[in-house]
Amino acid sequence: MGRMNEKTRELIQQDKQYLWHPFTQMADWLAGEPLIIDSGDGFYLIDTEGRRYIDGVCSLWCNVHGHRVPQIDDAIRAQLDKIAHSTLLGLGQTASIELAEKLIRIAPEGLAKVFYSDSGATAVEIAIKIACQYWRNIGQGTKTKFIALKEAYHGDTVGAVSVGGMELFHGIFKPLLFETLFAPTPHPYRFAGTSDECLQFSLSAVETLLQLHPDQVAGIIAEPLVQGAAGMIVHPAGFLKGLERLARKYNVLLIADEVATGFGRTGRMFACEHEDVQPDLMCIAKGISGGYLPLAATLATQKLFDAFAVAGDVSKTFYHGHTYTGNALACAAAIASLELFEQNRILESLPAKIQLVKEYFGRFRNLPYVGDVRQCGMMGGIELVLDKQSKSPFPPEWKIGAKVCAAMRSRGAIMRPLEDVIVLMPAVGMDIQTLTALLDIIENTLIRDLPEIVNL
Ligand SMILES: *Cc1c(COP(=O)(O)O)cnc(C)c1O
């Protein structure tokens, strides 16, 4: 191990002894020297050695206003002085009511009810189950299948994995999954044809599935505008609207998984707003609590809700819940986060930041090994390839993405790749100065370190 203080050494030893990390090949982890984060300060993370890093992926896509934000900290403390948690089974709870009212006020038109849970995956499970039972409740119980996109990511519980399409993560669990109908992801960079042809190709595949399975499809589920985990794939404009049109035409539900895209990431509060889309169900999590506490929600239309609210009919009840559903501390953090959106005029501040990222990305595009740059608001992906002309990828065992992110860490930024796509996901509240510093680190790494890493 390198030079480090006694406490860091002990923490690393105990981490390796006791923890099993998510999405991590633990043999590699055990052989490495992990960074241990001890505190945060605004848009910086601070490790046990006192070193500061810009949080370039906002603590895995959830932080919004920074770390240790006084207003959110105070809101949680104030809630703690009242109550930390009380169940929503058979009882109401103040903070969860106040937040639900605020969420419906900012959500796309038509969404009227909030069903809480605690992670993106559970928000998706709930949407799937509501959709399935909705059709059953109104006497169309044959509609049980879902249409999803081939490289979709909707979380890691078994239902969410069933509608996921990432072979490496999801293929392993195939024996456990329910059958889902998959349509190709509209991915212009990897499509032989124009962006419009790419859009039409995917939409017509969705339509074909709807025609092949009449009265069997409950809903279409998709990440609106951007497929994050698949590698920051930005759909051609109009794709989401096209899905909505097909959902209406074939009388199936549209489920928008806004877990990654919600709360300002795309430049609007929700991605659906860009194409004036009104989903029947919307899943939100990640940024909902400002990135402070585990909280999620599935929003549903009045029409869906009414199919369950039938007096005296227990067979129409939605039998689903989690112990911490609507946790009061998390709801208090979420309310404070939404208030900060207004106080700090976050949405109004975004065009300037989005423009800044666009300028840097325009330069990155011309650098060696940068095959594609993709941006949707404050969500960005830089795809590194071995050969720009043929778009052929690096051999996976070269671990280019991971090595580039390690180089960025040495320069003071925490970044995380998706294979060889470098993900840029700063907190939407990040100030221009810090954002510029982050983009400078990325640029310096791509210019100075990347060619060296490739030629090693
Ligand atoms: C992260 C993510 C999820 C899963 O959220 P968790 O809170 O990690 O369960 C679901 N859908 C999308 C689009 C995501 O990006």
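Residues numbered from 1 in each chain as written. Predicted model: local features only at pLDDT ≥ 70, side-chain atom pairs only at ≥ 80, totals over all residues. Heavy atoms only, no water.

Q: Can you tell me about the side chain of Asn327, naming the residues and giving the values?
A: Within the fold, Asn327 resides in the loop between helix H11 (302-308) and helix H12 (328-343). Judged by its relative accessible area of 13%, Asn327 is buried. Polar side-chain contacts of Asn327 include one of 3.3 Å to the backbone oxygen of Ala84. (Helix = DSSP H or I, 4+ residues; strand = E, 2+ residues; numbered from the N terminus. Buried < 20%, exposed > 50% of the residue type's maximum accessible area, 1.4 Å probe, protein only. Polar contact = N/O pair within 3.5 Å; in protein donor to acceptor, adjacent residues only side chain to side chain.)

Q: Talk me through the domain arrangement of the chain; I want residue IDs and the actual numbers.
A: Accessible area lost upon the coming together of the parts serves often as the stated size of an interface. Looking at the chain, the domain boundaries give domain 1 (35-65 + 348-454) and domain 2 (72-343). On a C-alpha basis, the centres of domain 1 and domain 2 stand 27 Å from each other. Buried surface at the junction of domain 1 and domain 2, summed over both partners, amounts to about 2,300 Å²; 64% is from carbon and sulfur atoms. On the domain 1 side of the interface with domain 2, the three residues burying the most area are Trp61, His65 and Met379, jointly 28% of the side's total. Among the ionic pairs, Arg190 bridges to Glu383, the shortest N-O distance being 2.7 Å. Summed over the shared surface of domain 1 and domain 2, the number is 12 residue pairs in polar contact (both at pLDDT 80 or more). (Domains from an automatic or database assignment. Buried area = accessible area lost by both parts, 1.4 Å probe. Salt bridge = Lys/Arg side-chain N within 4 Å of Asp/Glu carboxyl O.)

Q: For the sheet that holds strand E6 (residues 181-183), give the residues involved together with the corresponding values.
A: By definition, the strands of a sheet pair up through backbone hydrogen bonds, in either a parallel or an antiparallel sense. As summarised here, the arrangement of the 7 strands in space is E4-E12-E11-E10-E7-E5-E6, forming an open sheet in which the pairing is mixed. Across the chains shown, the open sheet's two edge strands, defined by having one partner strand only, are strand E4 (111-117) and E6. Put simply, the sheet's adjacent strands are angled 20° from each other on average, direction ignored. The sheet strands contacting helix H5 (residues 94-106) are E4, strand E11 (281-284) and strand E12 (296-301), and the helix crosses E4 at an angle near 135°. Against the sheet, helix H9 (residues 195-212) contacts strand E5 (145-149), E6 and strand E7 (217-222), and its axis sits at roughly 160° relative to E6. (Pairing = 2+ DSSP bridges. Axes fitted to C-alpha atoms, helices over the stretch in contact; angles between N-to-C directions. Contact = heavy atoms within 4.5 Å.)

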